[in-house]
Amino acid sequence: MKQVSNLEPNLEPLVMSELGDGLLRPRAQVSPKYFYDALGSRLFEAITALDEYYPTRTEAAILEAAGAEVSELVPDDAVLIDLGAGNCAKAERLFPILNPAAYLAIDISTEFLHQALQTLGHRHPELPRLGVGMDFSTCLELPPESIAWLSKLGLDNQPKIVFYPGSSIGNFAPQEALVLLRQAQAVCAASESGGGILIGVDRVKPRSVLEAAYDDALGVTAAFNRNLLRHLDRILGTDFDLEGWKHIAFFNEQESRIEMHLESLREQTVRWPGAERQFCAGERIHTENSYKWDPPRFEALLTQAGFIPTQHWTDEDQWFSVFWATV
């Protein structure tokens, strides 16, 4: 197993600018990709085990029930490209079904990914695997190191399967999601053998179910949201007081999305090198959107991105969907 990180030092000014500009907007916001430092990744892992958080277990049940169909439709001996791999558990459950020729795991949390791949290697020592630490939210393009690795393995033209589970596509507004899906289509189409995308999508459902999933009784999601401030303190040099902020989550029906915010509990000033921002009591930092889809709209989005929607599976309650689309 080789570990690659292309979160290079020369990207730091761009990160600092993005974060600073976001905090200084009239309505402050921070991208949800900054949830995922090592602690944030572990907190999210805990969220997926909560009773209220249905997406992970529902998606897993769908793929288990549809395993035979998935095996028939999705090419085996392909390169499995796992976007937002996290602890790699979701992709690992597919190994017996897909029999991938190689596993390419991509995640912004490089340290967490490295540990996950080391653990994975003990269970699957025969599977070539590569970890790529990168932010694909603005541009999904395989870095030269991963292309060279596939070439060395003789897998340049094996089918490429992009696996994007957990409805992480919901973090993108529809037009942003279209851009990312077009880039995923280009990754698959670059292989002479083609390939496709296997993607999990959360669906519109009762407000009470949605809001509980993002504001659990134990407060794990609240800790996950507030940990973002710790991450900003480290990478931007801010001086957030975590006790001065509370977690807010609600379903915006008009936009068909869950919104997460951090709300200031008092008037306070947050400082970082070269700038500061005053927050009034009740003022919020917008930290995440999670868009919810219905199947026809998402199939139309896949088609617009250049994919050919082939199959769609759902659960008994029709709360979640998994799509397979080819290039």
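Preceding block: the structure.
Residues numbered from 1 in each chain as written. Predicted model: local features only at pLDDT ≥ 70, side-chain atom pairs only at ≥ 80, totals over all residues. Heavy atoms only, no water.

### Digging into the overall build of the protein
Alright, step 1. On a plain count of helices and strands, the protein comes out with 12 helices and 13 strands.
Alright, step 2. Its C-alpha atoms give the protein a radius of gyration of 20 Å, near enough to 20 Å, the size a compact globule of 327 residues would have.
Alright, step 3. With the C-alpha coordinates aligned to their principal axes, the bounding extent of the protein is approximately 60 × 45 × 35 Å.
Alright, step 4. Going through the 327 residues of the protein one by one, you find that 53% of them count as buried.
Alright, step 5. Here the analysis covers contacts within the protein between residues at least 6 apart in sequence; of these, 69% occur between residues at least 24 apart.
Alright, step 6. The average position of the 27 basic charges and that of the 46 acidic charges among the side chains of the protein differ by 4 Å. (Helix = DSSP H or I, 4+ residues; strand = E, 2+ residues; numbered from the N terminus. Rg over C-alpha atoms; globule rule 2.2 N^0.38 Å. Buried < 20%, exposed > 50% of the residue type's maximum accessible area, 1.4 Å probe, protein only. Contact = heavy atoms within 4.5 Å. Lys, Arg positive; Asp, Glu negative; His and termini not counted. Charge placed at Lys NZ, Arg CZ, Asp CG, Glu CD.)

### Here we look at the packing of aromatic side chains
A ring pair, where both rings are aromatic, is described by two values, the distance of the centres and the angle of the planes.
Alright, step 1. Throughout the structure, instances matching the rule amount to 14 aromatic pairs.
Alright, step 2. The interplanar angle of 80 degrees and the centroid separation of 5.8 Å between the aromatic rings of Phe136 and Tyr164 together place this pair among those described as edge-to-face. With Phe136 in the loop between β4 (129-133) and α8 (144-152) and Tyr164 in strand β5 (residues 160-164), the pair connects residues that are 28 residues apart, well separated along the chain.
Alright, step 3. By the ring-pair criterion, three or more aromatic residues cluster together here, those being Phe35, Tyr36, Phe44, Tyr53, Tyr214 and Phe224.
Alright, step 4. In this arrangement the basic side chain of Arg277 is found over the ring face of Phe279, its NZ or CZ atom lying 4.8 Å from the centre. (Phe/Tyr/Trp six-rings, centres within 6.5 Å; stacked < 30°, edge-to-face > 60°. Lys NZ or Arg CZ within 6 Å of the ring centre and 35° of its normal.)

### Looking at helix α11 (residues 220-235)
Since there are 3.6 residues in each turn of an α-helix, residues three or four apart along the chain are aligned in direction.
Alright, step 1. Taking 1.5 Å of rise per residue, 16 residues should cover 22 Å, and α11 covers 23 Å from first to last C-alpha, within 8% of that figure.
Alright, step 2. Within the sequence span of α11, burial applies to Val220, Thr221, Ala222, Phe224, Asn225, Asn227, Leu228, Leu229, His231 and Leu232.
Alright, step 3. Remark: Gly237 follows α11 within two positions and exhibits a positive phi of approximately 85 degrees. (Expected span 1.5 Å × (residues − 1).)

### Let's talk about unusual backbone geometry
Alright, step 1. Positive phi is not limited to glycine here, since Cys88 has a value of about 70 degrees.
Alright, step 2. Mapped onto the elements of the fold, Cys88 is located in the loop between β2 (79-83) and α5 (89-92).
Alright, step 3. Residue class for Cys88 comes out buried when judged on its relative accessible area of 0%.
Alright, step 4. If you check the backbone angles, Ser256 has positive phi at about 55 degrees while not being a glycine.
Alright, step 5. Examined against the element boundaries, Ser256 turns out to sit in the loop between β7 (245-252) and β8 (257-264).
Alright, step 6. In this structure Ser256 comes out as buried when scored by relative accessible area, which is 16%.

### Here we look at helix α3 (residues 54-65)
Alright, step 1. Compared with an ideal rise of 1.5 Å per residue, which puts 12 residues at 16 Å, α3 spans 16 Å between its outermost C-alpha atoms and is within 8% of the ideal.
Alright, step 2. Here α3 has its buried residues at Tyr54, Pro55, Thr56, Thr58, Glu59, Ile62 and Leu63.

### A short note on the pattern of salt bridges
Alright, step 1. Counted according to the given criterion, the structure contains 15 salt bridges.
Alright, step 2. Between Asp37 and Arg234 there is a salt bridge; the shortest N-O distance is 3.4 Å. Note that Asp37 is positioned in the loop between α1 (12-24) and α2 (38-47) and Arg234 in helix α11, a separation of 197 residues in sequence.
Alright, step 3. Between Glu263 and Arg284 there is a salt bridge, with the nearest N and O atoms lying 2.8 Å from each other. Taken as a pair, Glu263 in strand β8 and Arg284 in strand β11 (residues 284-291) lie far apart in primary sequence, 21 residues in all.
Alright, step 4. Overall, Arg284 belongs to the partly exposed group, its relative accessible area being 33%.
Alright, step 5. Among the ionic contacts, a cluster of salt bridges with common partners joins Glu18, Lys33 and Asp135. (Salt bridge = Lys/Arg side-chain N within 4 Å of Asp/Glu carboxyl O.)

### Comments concerning the sheet that holds β11
Alright, step 1. The three strands lie next to each other as β7-β8-β11, forming an open sheet whose pairing is antiparallel. Because the sheet does not close on itself, it has two edges, and the strands there are β7 and β11. When the angles between neighbouring strand axes are averaged without regard to direction, this sheet yields 20 degrees.
Alright, step 2. Of the pairings in the sheet, the one linking β8 to β11 comprises seven bridges and is antiparallel in character. Looking at the pairing, Leu262 lines up with Ile285 of β11.
Alright, step 3. Contacts from α11 reach β7, β8 and β11, with the element oriented near 60 degrees to β8. (Pairing = 2+ DSSP bridges. Axes fitted to C-alpha atoms, helices over the stretch in contact; angles between N-to-C directions.)

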